[in-house]
Amino acid sequence: MELTINLESYQNYTLMILDGDINCSTIHLLENALENATRIDTSHIVLDCSQLNSISSDGLKLLLHCQVQLAGHFYLSLYNVPNDVASLMELSGITYFIQMNTHEQNQQKQSASA
């Protein structure tokens, strides 16, 4: 499956909605979208991963590289990450550097507030 990225700008953050797979053939799309997000006048970039099917090691490497490059200028976070993708991100150690919120955590918060 290909990767589609929608970029939306809000007052306090830039939202990137990821849909599809991040792999060696789609990595350039994510890289370009992240570069475009840094041109918007917000300091927080949120990646909505609710429709992200998979991420390769190249994708993980890009996210980590971006976090290092953006540190001090932008805050990068992952939101609504599917559980199988979240497990891979946790195993890779990327969650030590990028805040991640999983789909399961969001469901638990909604259940607790109901």
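Here the structure is a predicted model, which means the values were calculated and not measured.

### Some details on the state of the cysteines
Enumeration over the complete set of coordinates arrives at zero disulfides. The thiol sulfur of Cys49 is not disulfide-bonded, and the nearest other cysteine sulfur, from Cys66, lies at 13 Å. Given the relative accessible area of 1%, Cys49 is considered buried.

### Looking at helix α2 (residues 57-70)
With 14 residues, α2 extends 20 Å between its outermost C-alpha atoms, agreeing within 8% with the 20 Å of an ideal straight helix rising 1.5 Å per residue. Just beyond α2, the residue with positive phi is Gly72, at close to 90°.

### Here we look at the pairing of strand β3 (residues 44-55)
Each regular strand carries side chains that alternate between the two faces of the sheet. Judged from the eight bridges that link them, strand β2 (residues 14-22) and β3 form a sheet pairing that is parallel. In the strand pairing of β3, Asp21 is matched with Ser54. Where the polypeptide runs from β2 across helix α1 (residues 27-37) and back to β3, its parallel neighbour, the crossover connection is right-handed. When β3 meets strand β4 (residues 75-81), the two strands line up parallel, connected through five bridges. Bridging across to β4, Leu47 finds its partner in Leu78. Regarding the hand of the β-α-β motif, the stretch spanning β3, α2 and β4 is right-handed.

### A look at the pattern of salt bridges
A complete count under the given rule lists one salt bridge for this structure. Notably, a salt bridge pairs Glu35 with Arg39, separated by 2.8 Å at the nearest N-O pair.

### A word on the side chain of Asp48
Within the secondary structure, Asp48 sits in strand β3. Of the polar contacts made by the side chain of Asp48, one reaches the side chain of Ser50; its length is 2.9 Å. Ignoring sequence-local partners within four residues, the contact set of Asp48 consists of Leu15, Met16, Ile17, Leu18, Tyr79 and Asn80.

### Quick word on the pairing of β2
Within β2, eight of the nine residues are buried, which leaves it mostly tucked inside the rest of the structure. Across seven bridges, strand β1 (residues 3-9) lies against β2 in antiparallel orientation. Residue Asn6 lies in a different strand from β2, and its bridge partner there is Ile17. Between β1 and β2, which pair antiparallel in sequence order, lie four residues.

### Points about the nonpolar core
Leu30, Leu47 and Met89 are the most contacted members of the largest nonpolar core, which has 29 residues in total. For this core, the secondary-structure elements that each account for two or more residues are β2, α1, β3, α2, β4 and α3 (83-92). The contacts of Met89, once residues within four sequence positions are left out, are Ile55, Leu60, Leu63, Leu78, Val81, Ile94, Thr95 and Met100.

Procedures and definitions
Residues numbered from 1 in each chain as written. Predicted model: local features only at pLDDT ≥ 70, side-chain atom pairs only at ≥ 80, totals over all residues. Heavy atoms only, no water. Disulfide = S-S within 2.5 Å. Buried < 20%, exposed > 50% of the residue type's maximum accessible area, 1.4 Å probe, protein only. Helix = DSSP H or I, 4+ residues; strand = E, 2+ residues; numbered from the N terminus. Expected span 1.5 Å × (residues − 1). Pairing = 2+ DSSP bridges. Right-handed = clockwise from strand over helix to strand, strands pointing away. Salt bridge = Lys/Arg side-chain N within 4 Å of Asp/Glu carboxyl O. Polar contact = N/O pair within 3.5 Å; in protein donor to acceptor, adjacent residues only side chain to side chain. Contact = heavy atoms within 4.5 Å. Core = buried A, V, L, I, M, F, W, Y, C linked by side-chain atoms within 4.5 Å.

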